[in-house]
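Each chain is listed here by its residues.
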Amino acid sequence: MQPIGEVICVRESQPIVELLDVRKAFGGVPVLSGVSFSISKGSVHGLIGGNGAGKSTLMKIMSGVYQPDGGIIRVEGREVTLRSPLAAHQRGIYLVPQDPTLFPDMTIEENVLLGLREANRRELRQKFLELIKALRCEFEPHELAGEVSLAKQQQIELIRGLIREPKVIILDEPTSALTAKEAQALFANIRKLKAEKNISFVYITHRLGELFEIVDELTVLKDAKVVANGPISDFTLQRVLELMVPDVKLTSQNGVQQQQRSGQLKPIFEVRDLSGHGFSDVNFTVSAGEVLTITGVVGAGRTELAETIFGVRKPSKGQLILDGREIQIKNPRAAINYGLAYVPENRHLHGGFLDSNLVANVCSSVMERLSAFLNASRKQKDLCRKTMSDLQIKAKSEDQLLRQLSGGNQQKVVLGKWLATEPKVIFLDEPTRGIDANTREEIYLNIRRLSNAGIGMVVISSDFEEVSILSDRVLVMRKGRVVSELTPPNINPKALTYAAFGYAEGEAIA
Amino acid sequence: MKIFRSWITALFILIAVEFAIFGSISPYFLNLDNLLYSVGDFLYIAVAALPMTLVIVTGGIDISIGSTMGLASITTALLWYLGMNVWLASIFGLLSGAAVGLLNGLLLIITEINPLVITLGSSFLVAGIALILSGLAGATGFEGISGLPYAFSNVVNGTILGIPNAVWILAAVAILFYVILHHTKFGQQLFLIGVNRHAAAYSGIDVDRKLVLTYVIMGMGAALSGILLTSYFTSARSDLGSDSALSVITCVVLGGASINGGSGSIFGTLLASLLIGYLKYGLQMIRVSAQATNVYMGLVLIATISGRYFWELYSARLKNRAATAVQKTS
Amino acid sequence: MKNWITVITKRYEMVILALLVVYFLIISAINPSFFSGNTVVRIAYNAAQLILVTLGVSIVIITRNIDVSVGSLVGLAATLGGAAVNATMSTPMLLLVTLGTGLIGGLVNGIGIAYFGVSSIIMTLGTMAIFRGLLIMYTGGRWIQTIPAFYIQGSRAPFLGLPLPIWISLAVLVILYFVFSRVRFGRLFYAVGNNAEGANLQGMPVKKILVMAYVICGLLAGGAAAIYIGQLGAVPNTVGIGLETQAIAAAVIGGVSLAGGKGTVIGAFIGALLMQTVNYSLVFLKVPGYWNDAISGFMLLAIIVFSALFSKYVQRQKESAVDAEVAVSAGAPVREGVQK
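On a predicted model such as this, the values are computed, not experimentally measured, just so you know.

What to know about the interface of chain B and chain C
- Facing 38 residues of chain B, the contacting portion of chain C comprises 35 residues.
- For the side of chain B that touches chain C, the secondary structure elements donating two or more residues are α5 (86-111), α6 (115-136), α12 (244-254) and α14 (290-329) of chain B.
- In terms of residue count, the dominant contributor to the side of chain B that touches chain C is α6(B) (15 residues).
- Split into classes, the residues belonging to the side of chain B that touches chain C amount to 25 nonpolar, twelve polar and one charged.

Here it is, written out as structure tokens:
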């Protein structure tokens, strides 16, 4: 038998859930290489780690959505096989997903209660209404789930979990769309459930500050393995950062480059009084050699703005001015021809062709240009190879499918495809979401490099740390409007948070 | 890529096995002349399966091709019957197919409804129109228009250099579609659309136009099929080829294309067409009825998809087990 | 202006019912003898089969799947049922065979789709050919020319003045309405159709529900076959051809969305009545038989186009309402302490 690794219990009692040497691979790539830790009864167990995929895969295994390729799961000391979500529920484990998976055309009440099998529906309904009150939710049971905001949908997901009174509730990034007040309400509820009903929580987050507020024990994942595990008192913010990203030389280098950015700027692209679906009266200018960031919380209208500029949607009014001339952008093809590039937010949905090879991906936007009728396979191959070397994309060959590359390299391929169009302005929408720290650094460097080469860079990001590192200038959007503009030295996470959430909200998450 | 190569190999093996089985049952099967001439029997399926590959690569489907075949057949024959030169009439027959494809394509991009349902509806509409047209020729119901000129029927039934025209035609159409799908910009873009339609749109590809064009090509291919059938039978009927959608789709899927789009090959479709075509021929030879053949076609289709599903499941599981096992030793 | 959108989306069944009535009146205006109680009864009587098949297909569509094999399944069930009643002279036997065939056919479809990785399009396209092939193989291409008189009379027997099939279709409607609108089990189908992955995460037995949907559809197809045998008094080998198109068209007209999760059995019922009324009116107005297919196809396409355009229109209205909100509400005013 191989050594399992240290398993630390915070309380005297037996752990409620134990994971021993859990392994999982996708497409031949290991995502979990022997993960072991245990969750104590009545404790909030934090789980953090770089690349998103490891954590959520682990949680999906725990909640019966995936089956592990190796390893053991124990609930209250007994070994279990969780073949389906139902099996996990029956064992007392429930996952509250990060992205809501509700039934949009059914009522909120049905969304919550339909999955429950108890016969006494009246009692269930009672519990449901009580939970709505306890969480201070502002919706009616008969409203359709598809018609309420994202934050409310997340609350509904939470209620789905709480109403089952499981032994372990897994919360996957529960505060990502909540305001500060709502987050505090959530914490209060977690503490209450912990105390009153001895429920354990697995708390996944990338907001490291939260850990020290609510978490009792912590497990840190890196490169598909556990690198640290223990009571929260063993950790400090510094130590946590180091554990996750030891080879990152953060801020300093890029900060230096930021300061050198003074002097005359040549404006390339200007947006005037632009209004469209989700935003109104937006004005800004992008200059060569400048990295402009547009930030705000989810729903602020940034992606809609970018999509409208790029020609995916039609604006209701406003002008776009490129190199001093007004232009009309009717569709993405026109935008590309003018020299605009848009690297979309969710690379799987909008940016990359997972089941196509690298050549097809890299050339997908320039196919029209490279040849008239027949496909120019040699030109395409050459272009692909050049792109791969320029951006240091790690792959076996250009014939590989995009799916076979790591997340970070996939993002590079998508970036490379846009660079192939020789753009004047590039819009990047949440470019490093779900990407490990090393690749993140490379992407930041590339953004800088491109900016230095005279391309206007517009980065849309809700990661305030990232914004602080990258930006020469920041626009903050809120509810569809630009509410403030920040320049150094006022670009820091605190100032950004205030502006993004609106000063009126009061205390912000530090 | 690897899956693709092994799929093609598997097809070759299956054809070999098929020939071996039928050959052992009846010596006439392996007669070269018989084999070549029997291409005329299933030419219409193969000719329709080739453009269908394009449609399926984009993630769509078209089950109205059977009706389009009938429409093209009747249109051609009707115009000839009314005095037009038969070749010119054939051009109009092709155009009628293009019209159907245009209808399908436009409906698809305007309503964004599943192409299955759209082509289900148009299938009936077109069959009805074909029926009405045949009524106009006095060939009411399912009687045909016959007596077409010898030169016309010779298109499929004749020979050049001793090889039946059907073989030449199949080869020519196969080469044409091979170039279109695998060596043009258009074909490349179809693959991208099939893999990720949204990403294709964001990449500046005019998805709508490409899709409409694809369905128009399909319509014309089906029309060509219908006209070739008419030539083969030397008569036209409005229900010519009405059952063919199933066989055609089976050929494409059996040829390695994914029903969800994004992958497919002309060569695979061609091999699969031969496999299916000779299967029908062989079954006929051992006196299996046409209906039973249809049952077998249905089973083959279902078995192919199901088989592929289980194979992918199984091989993924093996790959992942191996990957995690390797980790243990390191 | 907003109101009529709400009306159509929230009270869709009312709208189609109104459409049905309007159509009825229009035809009556063209040919006044259409307007009679007799016509209504005849339509309802003839509609019984289409209603059952439409209801069955609707359940499948609600789970976001499709079934194009129902026509052939009805055909197979009718063929076997007809042979059974001729051989045994027993109605229970006929019912056993027709319903049994439907059940098995539905089971085959459901299992293939849920457990064997075959998409519903391909599976039912395949079984469509298989069922039809089997039925022709069984009869050798011949028709079943006669059906025992007792069954023909029995299946049309009037009850409270209306023929039995009408009551059967109403009874089925009531049962299905109850199950799918008021009972948890039925609501699961809507959940699966609305978000199958979400349903799985909630611990719902998605695969079993899919199989169940096809089984119900198959059973109803069997029921339709039993009625068909009695109504026609014979079983031609072309039985059921085109029935699936009519049924799907009727379901879509009735408000059952092809995307799954939306629509009611009541709407499907009315949709089927509407289709049947159109069919009947064509016969009544002496439109030649071979126009029927063209008209069915045309109606299906027309309905699909209109409902898609309508949804898009509603979507656009919603978006511009949201935009109006954004434009009107100012974002948080800029505060001093935040700017440079």
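A closer look at the environment of A:Leu131
Residues and elements named next belong to chain A.
- Structurally, Leu131 can be placed in helix α4 (residues 121-134).
- The exposure class assigned to Leu131 is partly exposed, which follows from the 19 C-beta atoms found within 10 Å.
- In this structure the C-alpha to C-alpha distance between Leu131 and Leu158, which are 27 residues apart in sequence, comes to 9.7 Å.
- Setting aside anything within four residues of it in sequence, one finds Leu131 in contact with Ile159, Leu162 and Ile163.

Comments concerning the interface of chain A and chain B
- With 33 residues of chain A at the interface, the matching set in chain B holds 24 residues.
- Of all the secondary structure elements, the ones that give two or more residues to the side of chain A that touches chain B are β1 (17-26), β2 (29-39), α11 (332-338) and α12 (347-351) of chain A.
- When the residues that make up the side of chain A that touches chain B are grouped by side-chain class, the tally is 14 nonpolar, 13 polar and six charged.

So, the sheet that holds strand β5 (residues 78-80) of chain A
All names here are of chain A.
- Strand order in the open sheet made by the four strands is β2-β1-β4-β5, with antiparallel pairing throughout. Looking along the sheet, the strands with just one partner apiece sit at the ends: β2 and β5. Pairs of neighbouring strands in the sheet enclose a mean axial angle of 30 degrees, with direction left out of account.
- Relative to β2, β1 runs antiparallel, the two sharing eight bridges. Residue pairing for β2: Arg23 is matched across the bridge by Ser33.

Let's talk about the nonpolar core
- Ranked by size, the top nonpolar core spans 344 residues in total, and within it A:Phe427, B:Leu43, C:Val53 and C:Val74 carry the most contacts.
- Sorting elements by how many residues they give to this core places helix α11 (residues 206-232) of chain C first, with 19 residues.

Regarding the confidence of the model for chain B
- A residue-level look at chain B finds 95% of positions with pLDDT of 70 or above and a mean pLDDT of 88.
- Scored as a complex, the prediction yields pTM 0.84 and ipTM 0.83.

Topic: the pairing of strand β19 (residues 473-478) of chain A
Residue and element names in this part refer to chain A.
- When you tally the buried positions in β19, you get six out of six residues, the bulk of the element.
- Taking every second residue as pointing to the same face, both faces of β19 are buried, with Arg473, Leu475 and Met477 on one and Val474, Val476 and Arg478 on the other.
- One ladder, built from four bridges, connects strand β13 (residues 291-295) with β19; its direction is parallel. In the strand pairing of β19, Leu292 is matched with Arg473.
- Judged from the five bridges that link them, β19 and strand β20 (residues 481-486) form a sheet pairing that is antiparallel. Paired with Met477 across the two strands is Val482, which belongs to β20.
- If you look at the hairpin formed by β19 and β20, you'll find two residues sitting between the two strands, and Lys479 has a positive phi there, around 50 degrees.

As for the confidence of the model for chain A
Residues and elements named next belong to chain A.
- Residues with a pLDDT of 70 or more make up 87% of chain A, whose mean pLDDT is 81.
- Low pLDDT, under 50, characterises residues 246-261; the stretch is placed with 13 contacts to residues that sit more than four places away or in other chains.
- In the predicted structure, residues 504-510 sits below a pLDDT of 50 and forms 14 contacts with residues beyond four places in sequence or in another chain.

Re the environment of B:Ser265
- Inspection of the secondary structure puts B:Ser265 in the loop between α12 and α13 (266-285).
- C-alpha of B:Ser265 to C-alpha of B:Pro164: the two residues are 101 residues apart in sequence and 25 Å apart in space.

Points about the sheet that holds strand β17 (residues 425-429) of chain A
Residues and elements named next belong to chain A.
- Read from one edge of the open sheet, six strands run β16-β17-β18-β13-β19-β20, paired in mixed fashion. Two strands close off the open sheet at either side, each with one partner strand: β16 (340-343) and β20. Between one strand axis and the next, the sheet turns through 20 degrees on average, direction left out of account.

Notes on helix α3 (residues 37-62) of chain C
Residues and elements named next belong to chain C.
- The largest bend in α3 comes to about 45 degrees, at Ala48.
- Among the 26 residues of α3, 19 are classified as buried, and the element is accordingly described as predominantly covered.
- Downstream of α3 by one or two residues, Arg64 has phi in the positive range, about 70 degrees.

Remarks on the packing of helix α3 (residues 39-57) of chain B against helix α11 (residues 207-233) of chain B
Residue and element names in this part refer to chain B.
- Contact pair α3 / α11: the axes reach a minimum separation of 8 Å and the direction vectors enclose 180 degrees. For the element pair α3 / α11, the angle class is roughly antiparallel. Here Gly40, Leu43, Tyr44, Val47, Ala48, Leu50, Pro51, Met52, Leu54 and Val55 of α3 lie close against α11, whose contacting residues are Thr214, Tyr215, Ile217, Met218, Gly221, Ala222, Leu224, Ser225, Leu228, Leu229 and Tyr232.
- For the contact of α3 with α11, the class distribution of residues is 17 nonpolar, four polar and no charged.

Observations concerning helix α16 (residues 407-419) of chain A
All names here are of chain A.
- With 13 residues, α16 should reach 18 Å at 1.5 Å per residue; the first-to-last C-alpha distance of 19 Å fits that figure.
- For α16, the tally of buried residues reaches twelve of 13 residues, placing the bulk of the element in the interior.
- Residues Gly408, Asn409, Gln410, Gln411, Lys412, Val413, Val414, Leu415, Gly416, Lys417, Trp418 and Leu419 constitute the buried set of α16.

Parameters at a glance
Residues numbered from 1 in each chain as written. Chains lettered and ligands numbered in written order. Predicted model: local features only at pLDDT ≥ 70, side-chain atom pairs only at ≥ 80, totals over all residues. Contact = placed C-beta atoms within 7 Å. Helix = DSSP H or I, 4+ residues; strand = E, 2+ residues; numbered from the N terminus. Nonpolar A, V, L, I, M, F, W, Y, C, P; charged D, E, K, R; others polar. Buried ≥ 20, exposed ≤ 12 C-beta atoms within 10 Å, placed from the backbone. Pairing = 2+ DSSP bridges. Axes fitted to C-alpha atoms, helices over the stretch in contact; angles between N-to-C directions. Core = buried A, V, L, I, M, F, W, Y, C linked by C-beta atoms within 7 Å. pLDDT = per-residue confidence, 0-100. Bend = angle between axes of the 7 residues up to and from the residue. Parallel < 35°, antiparallel > 145°, perpendicular 65-115°, else oblique. Expected span 1.5 Å × (residues − 1).

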